[in-house]
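Structural description and commentary
The primary structure of each chain is shown beneath.
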Amino acid sequence: MKAMNSFTLCISLLSLLSAGFSEEDSKHPVTGKAVQDVMHKENIGRDYNNIQTKFNLQNSKNTDEKDCEIIAGVGESLMKCNFNMTSKTFVIIHGWTTTGLMESWMNGMVKALRKQEVHANVIVVNWLERAHQLYTIAVNNSKVVGREVAMLVDWLEQVTDVPLQKVHMIGYSLGAHVAGFAGKATQNKIGRITGLDPAGPMFEWAIPDERLSPDDADFVDVLHTFVYGTLGVSIGIEQPVGHIDVYPNGGSFQPGCGLHDVINAIAYGNIGNVVFCEHERSVHLFVDSILHQDKQSLMYRCPDTKTFEKGMCLSCRRNRCNKLGYNVKKIRSKRSNRMYLKTRADMPFKVFHYQLKIHLFSAKEIQDSNPKLYVNLYGTSTDSKKTRIEMPEQVAANRTNSFLVYLEDDIGDLLRIKLTWEGSSSSWSLWTQFKSLWYGSDLNATKDLKELEIRKIRVKSGEMQKKYTFCATNPSAMKISPGSGMMFIKCLDGWPIKNKMSLQS
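The structure presented is a predicted model; accordingly, all values stated were derived computationally and were not measured. (Residues numbered from 1 in each chain as written. Predicted model: local features only at pLDDT ≥ 70, side-chain atom pairs only at ≥ 80, totals over all residues. Heavy atoms only, no water.)

1. Here's the deal with the state of the cysteines
Formally: The definition used for a disulfide is geometric: two cysteine sulfur atoms within 2.5 Å. Here's how the labels work: a residue is buried when its accessible area is under 20% of the maximum for its type, exposed when over 50%, partly exposed in between, all with a 1.4 Å probe on protein chains only. Counting from the N terminus, the helices are the DSSP runs of H or I reaching at least four residues and the strands are the DSSP runs of E reaching at least two.
Applying the stated rule across the entire model yields 5 disulfides. Residue pairing for Cys316: its cysteine sulfur links by disulfide to Cys321, the two sulfurs lying 2.0 Å apart. Note on the Cys316 and Cys321 pair: the S-S dihedral is about 110°, so by sign convention the disulfide is right-handed. A relative accessible area of 25% places Cys316 in the partly exposed class. The class for Cys321 is buried, based on a relative accessible area of 16%. The disulfide bridge from Cys471 ends at Cys491, spanning 2.0 Å between sulfur atoms. Taking the sign of the torsion about the S-S bond as the criterion, the disulfide between Cys471 and Cys491, at about 70°, is right-handed. Placement of the pair is Cys471 in strand E19 (residues 466–472) and Cys491 in strand E21 (residues 485–493), with a sequence separation of 20 residues.

2. A look at the pairing of strand E11 (residues 337–341)
Defined as follows: When DSSP finds two or more bridges between two strands, those strands count as paired.
Of all 5 residues in E11, 4 are buried, a share of seventy percent or more. Two elements, strand E8 (residues 244–248) and E11, share 5 bridges in a ladder whose sense is parallel. Along E11, the bridge assignment pairs Asp245 with Arg338. Note: strand E9 (residues 298–301) against E11, 2 bridges, orientation antiparallel. Considered in E11, the bridge of Tyr300 is made with Tyr340.

3. A few points about the side chain of His168
Rules: Whenever two N or O atoms come within 3.5 Å, that pair is a polar contact, provided that in protein one can donate a hydrogen and the other can accept it, and provided that, for residues adjacent in sequence, both atoms are side-chain atoms. The contact criterion used throughout is that any non-hydrogen atoms of two residues lie within 4.5 Å.
Relative to the helices and strands, His168 is located in strand E5 (residues 167–172). For His168, a relative accessible area of 6% corresponds to the buried category. For His168, the side chain forms a polar contact with the side chain of Thr194, separated by 2.8 Å. Setting aside chain neighbours within four positions, we find His168 in contact with Thr89, Phe90, Val91, Arg192, Ile193, Thr194 and Phe286.

4. Quick notes on helix H8 (residues 135–160)
What counts here: Expected helix span is computed as 1.5 Å times (number of residues minus one). Bend is computed residue by residue as the angle between axes fitted to the seven residues ending at the residue and the seven residues starting at it.
Compared with an ideal rise of 1.5 Å per residue, which puts 26 residues at 38 Å, H8 spans 36 Å between its outermost C-alpha atoms and is within 8% of the ideal. Along H8, the helix axis deviates most sharply at Asn141, where the bend reaches about 25°. Looking one or two places after H8, you find Asp161, whose phi comes out positive at around 60°.

5. Comments concerning the sheet that holds E11
The condition is simple: In this description, a line fitted to the C-alpha atoms serves as the axis of each element, helices being fitted only across the stretch in contact, and the angle between N-to-C directions of two axes falls anywhere from 0 to 180 degrees.
What the 11 strands build is an open sheet, ordered E2-E1-E4-E3-E5-E6-E7-E8-E11-E9-E10; its pairing is mixed. Strands at the two margins of the open sheet, each flanked by one partner only, are strand E2 (69–70) and strand E10 (321–323). Across 5 bridges, the pairing between strand E3 (residues 89–93) and E5 is parallel. Within E5, the residue paired with Ile93 across the bridge is Gly171. Across the sheet, helix H12 (residues 277–291) touches E5, strand E6 (192–196), strand E7 (219–223) and E8, and the angle it forms with E5 is around 150°.

6. As for H12
Here H12 is 15 residues long and its end C-alpha atoms lie 20 Å apart, about the 21 Å a rise of 1.5 Å per residue gives. Among the 15 residues of H12, 13 are classified as buried, and the element is accordingly described as predominantly covered.

7. Quick word on the packing of helix H6 (residues 104–116) against H12
A pair of packed helices is captured by two measures, namely the crossing angle of their axes and the spacing between those axes. Spelled out, the test is: Here roughly perpendicular refers to angles of 65 to 115 degrees, roughly parallel to angles under 35, roughly antiparallel to angles over 145, and oblique to all remaining angles. Definitions for this section: a left-handed crossing has its near helix turned counterclockwise from the far helix by less than a right angle. A right-handed crossing has that turn clockwise.
Contact geometry of H6 with H12 gives a least axis separation of 9 Å together with a crossing angle of 20°. In terms of orientation, H6 lies roughly parallel with respect to H12. Judged by the twist between their axes, the crossing of H6 over H12 is left-handed. Residues Trp105, Gly108, Met109, Ala112, Leu113, Lys115 and Gln116 of H6 form the contact with H12, whose own contacting residues are Glu280, Val283, Phe286, Val287, Ile290 and Leu291.

8. Quick look at the packing of H8 against helix H9 (residues 174–185)
Which entries qualify depends on this criterion: Nonpolar residues are Ala, Val, Leu, Ile, Met, Phe, Trp, Tyr, Cys and Pro. Charged residues are Asp, Glu, Lys and Arg, and all others, Gly as well, are polar.
As a packed pair, H8 and H9 sit with axes 7 Å apart at the nearest point and diverge in direction by 50°. The angle between H8 and H9 falls in the class oblique. At the point where H8 passes H9, the crossing takes the right-handed sense. Only Leu174, Val178, Phe181, Ala182 and Ala185 of H9 make contact with H8, whose side of the interface consists of Ala138, Val139, Ser142, Lys143, Val145, Gly146, Arg147, Val149, Ala150 and Asp154. Residue composition of the contact of H8 with H9, grouped by class: 10 nonpolar, 2 polar and 3 charged.

9. Some points on empty space enclosed by the protein
For clarity, the threshold we go by: Any residue with an atom within 4 Å of a point lines the site, the site being either a cavity, points on a 1 Å grid over the protein atoms alone where a 1.4 Å probe fits but cannot get out, or a pocket, an open set with protein on both sides within 12 Å along at least 5 of 7 lines. Grid points are joined across faces, edges and corners, and a volume is the space filled by probe spheres set on the points.
The tally for this structure, following the rule as stated, stands at 2 cavities of 30 Å³ or more. The volume enclosed by the largest cavity comes to roughly 40 Å³. As for the largest cavity, its lining consists of Leu285, Asp288, Ser289, His292, Lys295, Gln296, Ser297 and Leu324. The residue inventory of the lining of the largest cavity, partitioned by class, reads 2 nonpolar, 4 polar and 2 charged. Of the voids in this model, the second largest cavity is the one considered here, and its volume is about 30 Å³. Along the walls of the second largest cavity sit Asp221, Leu223, Ile244, Val246, Met299, Lys323, Gly325 and Val328, which together make up its complete lining. For the lining of the second largest cavity, the elements supplying multiple residues, two or more each, are E7 and E8. Residue composition of the lining of the second largest cavity, grouped by class: 5 nonpolar, 1 polar and 2 charged.

Shown next, in the form of structure tokens:
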């Protein structure tokens, strides 16, 4: 049987060489290319015998075997696995492991990539034996594994002429730094590295040669999702390490991964699925960007989380916004681009961002406690639920305050806004009196704060890049108090511009 298979293979190769190549052959070029060239080049360069890392290839024409292993230096392995020279090559790299087993997210990543890039080569890097160690040992092993990945990539370039610009490495946690070490070691620069919440311990503030860095590929994008965790610990690196560094939900406290969810997980015996919830969210955000390209999340350049939480960075001018994940626009600059966005708790993660600018008129200063304000946004497609206006800092009376509001549904073009002040006048008065007595502040300065005057609300939509001005429905009743609400209707498209500085707000 083996002899018959070898004979059939030889006849097939001779037929290809004599008859030329069909369109189908071009999709599987190791069988369409003169195989003698591969065999001649396969042992050029380095000694591959000591490579311990395993490389399993998966593509649309894979064999029926569970794993199809590519062995650096062995050309037959490329033919056996139907390596495709003309398409993209993805290299997926796992991180440190406490179980010694492949994590479930890798299978989801492979399926997503194969669905999007039908003819692509998807190589899964298996370094489990060296990753299933004490963390400090695994960190040291990551450099060795990175060099072995580089040897494979260099060999593929030599024997198949695959351009390294078509190589995209995707590394998770410690695997992100493995990708960085591989990028440093390749003879030519690879196209792209995506770091999914790169590991922080032993890498935070390390020099670029000792971690993932922008120099490791032509383009490096990084998602940070666990820089400060729910239980006070972090796993991901906080500092920027790419051309674009993304901090979804500020890089911490991912929706669905809060302390309440941890407590529920303990109660139902699912703690293992929640401990790394925020860390692994980086993976699911990237997979989501592949699977739901009709619902692409937008991210926005901003100097820090606090500024973004005020809604002050929702501009797309001069590349200030970008698509999250797979279809990111490759922007390179000398300085790091920090990008921020809000997300939902589940796929699809896309939300819609709005900046609200409200000038609060009051005869008294707002002290000790912020008013609990909620909004309902009414649009041409649907209406939003009642949404809390989060206040990242103490609001101020008699000046304009900026807030970020985000919705899970696309409401279309904005038509009306309802603003509600939750609570009652009596409860607000009791609360302010208690705060005044407890903290020793001036009671007279707060006891009469029972209403605020609001004349207009200015709104900017991040996703639509539109500005609106809403005016109070009743010009003679522009005051709001605890337990009451106000309606605002659109009175102007855009914001009134008094000077050039207004464009930057």
